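# Commentary on secondary and tertiary structure
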Amino acid sequence: MDFKQAQENSKKNLNTIINKCWEDATFKQELIANPTKAIEKLSGQPLDLKGKKIVVTDQTNPDTIHINIPANPNDLELTEEQLELIAGGGRDGEEGFVITWSFICVYW
């Protein structure tokens, strides 16, 4: 799977999770309580988090402002393929590299 396809899968799967939360209050509570288990149940596949954890917060309360502090791009380690995309400005119609959310859900 190339980087662009991984980004598309990641976005699609994140949208699946969000839509499921909007449609199913029980799933939403399960996701908040145990994100890994809830996502594995939804996808039907185990997640390989490579030692990382998932943190889920309910941001639907309009009286609360949430600030997400992403990783500093200067502290990220990129793969050789990602470095080539940045240096070469993309390939096969790609227009460069975009850092997106963690690719936890890329492959389901």
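Residues numbered from 1 in each chain as written. Predicted model: local features only at pLDDT ≥ 70, side-chain atom pairs only at ≥ 80, totals over all residues. Heavy atoms only, no water.

### Quick look at the nonpolar core
Counting 9 residues, the largest nonpolar core consists of I17, C21, F27, L31, A38, I39, L47, L49 and I54. Among the secondary structure elements, those contributing two or more residues to this core are α1 (3-23), α2 (25-33) and α3 (35-43). Ignoring any residue separated from it by four or fewer positions in sequence, one finds A38 in contact with F27, E30 and L31. (Core = buried A, V, L, I, M, F, W, Y, C linked by side-chain atoms within 4.5 Å. Buried < 20%, exposed > 50% of the residue type's maximum accessible area, 1.4 Å probe, protein only. Helix = DSSP H or I, 4+ residues; strand = E, 2+ residues; numbered from the N terminus. Contact = heavy atoms within 4.5 Å.)

### What about unusual backbone geometry?
Notably, K50 is not glycine yet its phi reads approximately 50°, a positive angle. Assignment of secondary structure puts K50 in the loop between α3 and α4 (80-88). The class of K50 is exposed, set by a relative accessible area of 65%.

### Here's the deal with the packing of α1 against α2
Running from amino to carboxyl end, α1 crosses α2 at an angle of 125°, the nearest separation of the two axes being 5 Å. Compared by their axis directions, α1 and α2 come out oblique. Where α1 crosses over α2, the two elements pack in a sense that is left-handed. Between α1, through I17, K20, C21 and E23, and α2, the contact on the second element is made entirely by A25, F27, K28 and L31. Of the residues contributing to the contact of α1 with α2, the split by class is 5 nonpolar, no polar and 3 charged. (Axes fitted to C-alpha atoms, helices over the stretch in contact; angles between N-to-C directions. Parallel < 35°, antiparallel > 145°, perpendicular 65-115°, else oblique. Left-handed = near helix turned anticlockwise from the far one by under 90°. Nonpolar A, V, L, I, M, F, W, Y, C, P; charged D, E, K, R; others polar.)

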